[in-house]
Amino acid sequence: MGREKEYKIITDFTVIVKLMKKKLFCINKENISNLGISSLIILNEVEKDVPKTLKEITEKSGLPNSTASVIIDKLSQKGFVHRKRDGNDRRKILIYLTEEGRRLLDDLNNKGLSYCVQILKSASDEEIDIISKGLRVLKEIMEKDIV
(Lines give C-alpha, C1' and ligand atoms only; values in the text may rest on other atoms or scores of the structure.)
Protein backbone atom coordinates (compact mmCIF):
# COMPACT_ATOMS: atom_id res chain seq x y z
CA MET A 1 0.00 0.00 0.00
CA GLY A 2 2.93 2.37 0.52
CA ARG A 3 2.75 5.68 2.32
CA GLU A 4 -0.27 7.25 0.58
CA LYS A 5 -2.02 8.20 3.83
CA GLU A 6 1.08 9.84 5.29
CA TYR A 7 1.71 11.67 2.02
CA LYS A 8 -1.90 12.91 1.99
CA ILE A 9 -1.57 14.27 5.55
CA ILE A 10 1.67 16.07 4.70
CA THR A 11 0.19 17.49 1.50
CA ASP A 12 -2.98 18.68 3.26
CA PHE A 13 -0.99 20.22 6.10
CA THR A 14 1.29 22.03 3.65
CA VAL A 15 -1.70 23.44 1.77
CA ILE A 16 -3.33 24.60 5.02
CA VAL A 17 -0.15 26.39 6.12
CA LYS A 18 0.19 28.07 2.71
CA LEU A 19 -3.45 29.19 2.75
CA MET A 20 -3.09 30.65 6.24
CA LYS A 21 0.13 32.46 5.30
CA LYS A 22 -1.50 33.83 2.17
CA LYS A 23 -4.51 35.06 4.12
CA LEU A 24 -2.38 36.66 6.85
CA PHE A 25 -0.21 38.40 4.27
CA CYS A 26 -3.36 39.71 2.52
CA ILE A 27 -4.84 40.97 5.80
CA ASN A 28 -1.63 42.78 6.76
CA LYS A 29 -0.26 43.89 3.39
CA GLU A 30 0.32 47.45 4.54
CA ASN A 31 2.40 46.32 7.53
CA ILE A 32 4.40 43.45 6.10
CA SER A 33 5.13 44.43 2.54
CA ASN A 34 8.55 43.09 1.56
CA LEU A 35 8.72 40.83 4.64
CA GLY A 36 8.94 37.10 4.12
CA ILE A 37 8.03 34.29 6.45
CA SER A 38 11.65 34.12 7.71
CA SER A 39 11.32 37.74 8.88
CA LEU A 40 8.18 36.87 10.81
CA ILE A 41 9.90 33.85 12.37
CA ILE A 42 12.75 36.09 13.54
CA LEU A 43 10.35 38.71 14.92
CA ASN A 44 8.56 35.98 16.89
CA GLU A 45 11.85 34.67 18.26
CA VAL A 46 12.99 38.13 19.34
CA GLU A 47 9.65 38.75 21.03
CA LYS A 48 9.80 35.62 23.19
CA ASP A 49 12.84 36.41 25.33
CA VAL A 50 14.02 39.94 24.73
CA PRO A 51 16.89 40.50 24.16
CA LYS A 52 18.51 37.81 22.01
CA THR A 53 21.83 37.38 20.28
CA LEU A 54 22.07 36.45 16.61
CA LYS A 55 23.29 33.00 17.65
CA GLU A 56 20.26 32.45 19.89
CA ILE A 57 17.91 33.53 17.10
CA THR A 58 19.51 31.21 14.55
CA GLU A 59 19.47 28.26 16.97
CA LYS A 60 15.78 28.73 17.77
CA SER A 61 14.61 29.57 14.24
CA GLY A 62 16.74 27.06 12.35
CA LEU A 63 17.79 29.76 9.89
CA PRO A 64 21.43 29.99 8.78
CA ASN A 65 23.47 32.70 10.50
CA SER A 66 24.09 34.63 7.27
CA THR A 67 20.40 34.61 6.33
CA ALA A 68 19.28 35.73 9.79
CA SER A 69 21.88 38.51 9.83
CA VAL A 70 20.67 39.94 6.51
CA ILE A 71 17.03 39.70 7.62
CA ILE A 72 17.80 41.41 10.94
CA ASP A 73 19.50 44.24 9.02
CA LYS A 74 16.32 44.69 6.94
CA LEU A 75 14.09 44.51 10.03
CA SER A 76 16.29 47.10 11.71
CA GLN A 77 16.06 49.43 8.69
CA LYS A 78 12.25 49.12 8.80
CA GLY A 79 12.25 49.93 12.53
CA PHE A 80 10.96 46.55 13.76
CA VAL A 81 14.12 45.60 15.72
CA HIS A 82 17.22 47.37 16.95
CA ARG A 83 20.69 46.19 17.93
CA LYS A 84 22.52 47.20 21.09
CA ARG A 85 25.82 46.13 22.62
CA ASP A 86 25.51 44.08 25.80
CA GLY A 87 26.51 46.19 28.80
CA ASN A 88 28.07 43.15 30.50
CA ASP A 89 29.91 41.75 27.48
CA ARG A 90 30.76 44.30 24.78
CA ARG A 91 31.46 41.49 22.30
CA LYS A 92 27.76 40.57 22.27
CA ILE A 93 25.21 42.42 20.23
CA LEU A 94 21.66 42.01 21.47
CA ILE A 95 18.61 42.29 19.25
CA TYR A 96 15.50 43.92 20.69
CA LEU A 97 11.97 44.13 19.35
CA THR A 98 10.89 47.78 18.96
CA GLU A 99 7.43 49.09 19.75
CA GLU A 100 6.75 49.14 16.00
CA GLY A 101 7.78 45.46 15.81
CA ARG A 102 5.59 44.60 18.79
CA ARG A 103 2.60 46.38 17.22
CA LEU A 104 3.13 44.44 14.00
CA LEU A 105 3.23 41.09 15.82
CA ASP A 106 0.21 41.98 17.96
CA ASP A 107 -1.69 42.97 14.81
CA LEU A 108 -0.72 39.74 13.04
CA ASN A 109 -1.68 37.62 16.04
CA ASN A 110 -5.03 39.37 16.54
CA LYS A 111 -5.97 39.22 12.86
CA GLY A 112 -4.73 35.64 12.57
CA LEU A 113 -6.83 34.56 15.55
CA SER A 114 -9.86 36.41 14.19
CA TYR A 115 -9.40 34.74 10.82
CA CYS A 116 -9.22 31.27 12.40
CA VAL A 117 -12.35 31.92 14.48
CA GLN A 118 -14.14 33.21 11.37
CA ILE A 119 -13.37 30.17 9.22
CA LEU A 120 -14.23 27.74 12.03
CA LYS A 121 -17.69 29.30 12.44
CA SER A 122 -18.76 27.53 9.26
CA ALA A 123 -17.84 24.13 10.73
CA SER A 124 -20.32 22.02 12.69
CA ASP A 125 -19.64 21.07 16.32
CA GLU A 126 -18.79 17.54 15.15
CA GLU A 127 -16.29 18.87 12.58
CA ILE A 128 -14.70 21.12 15.23
CA ASP A 129 -14.29 18.08 17.51
CA ILE A 130 -12.70 16.05 14.69
CA ILE A 131 -10.29 18.88 13.77
CA SER A 132 -9.40 19.44 17.41
CA LYS A 133 -8.76 15.75 18.07
CA GLY A 134 -6.67 15.39 14.89
CA LEU A 135 -4.51 18.41 15.73
CA ARG A 136 -4.07 17.24 19.33
CA VAL A 137 -2.95 13.77 18.14
CA LEU A 138 -0.54 15.30 15.62
CA LYS A 139 0.89 17.60 18.32
CA GLU A 140 1.38 14.67 20.71
CA ILE A 141 3.11 12.58 18.02
CA MET A 142 5.41 15.47 17.17
CA GLU A 143 6.20 16.13 20.84
CA LYS A 144 7.20 12.48 21.33
CA ASP A 145 9.55 12.74 18.38
CA ILE A 146 11.28 15.83 19.81
CA VAL A 147 12.17 14.19 23.13
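What counts and how
- Residues numbered from 1 in each chain as written.
- Predicted model: local features only at pLDDT ≥ 70, side-chain atom pairs only at ≥ 80, totals over all residues.
- Heavy atoms only, no water.
- Patch = residues over 30% accessible without salt bridge, like charges linked within 9 Å, V, L, I, M, F, W, Y side chains within 5 Å.
- Areas by Shrake-Rupley, 256 points an atom, 1.4 Å probe, with all protein chains shown as cover.
- Salt bridge = Lys/Arg side-chain N within 4 Å of Asp/Glu carboxyl O.
- Lys, Arg positive; Asp, Glu negative; His and termini not counted.
- Charge placed at Lys NZ, Arg CZ, Asp CG, Glu CD.
- Helix = DSSP H or I, 4+ residues; strand = E, 2+ residues; numbered from the N terminus.
- Buried < 20%, exposed > 50% of the residue type's maximum accessible area, 1.4 Å probe, protein only.

A few words on a negative patch on the surface. Taken together, the side chains of Asp125, Glu126, Glu127 and Asp129 present a region of like negative charge at the surface. Inspection of the secondary structure puts Asp125 in helix H7 (residues 125-146).

The next point concerns the pattern of salt bridges. In total, this model carries eight salt bridges according to the counting rule given. When the shortest N-O distance is used, the salt bridge between Arg91 and Asp89 registers 3.0 Å. A salt bridge links Arg103 to Glu100, with the shortest nitrogen-to-oxygen separation between them at 2.8 Å. In this pair, Arg103 and Glu100 both sit in helix H6 (residues 99-120), three residues apart, roughly one turn of the helix. With relative accessibility at 49%, the residue Arg103 sits in the partly exposed group.

Let's shift gears to a nonpolar patch on the surface. Taken together, the side chains of Ile119, Leu120, Ile131 and Leu135 make up a nonpolar region of the molecular surface, amounting to roughly 330 Å² of accessible area. At the level of secondary structure, the elements contributing two or more residues to the nonpolar patch comprise H6 and H7. With respect to the helices, strands and loops of the structure, Leu135 is situated in helix H7.

By themselves these figures say nothing about function.
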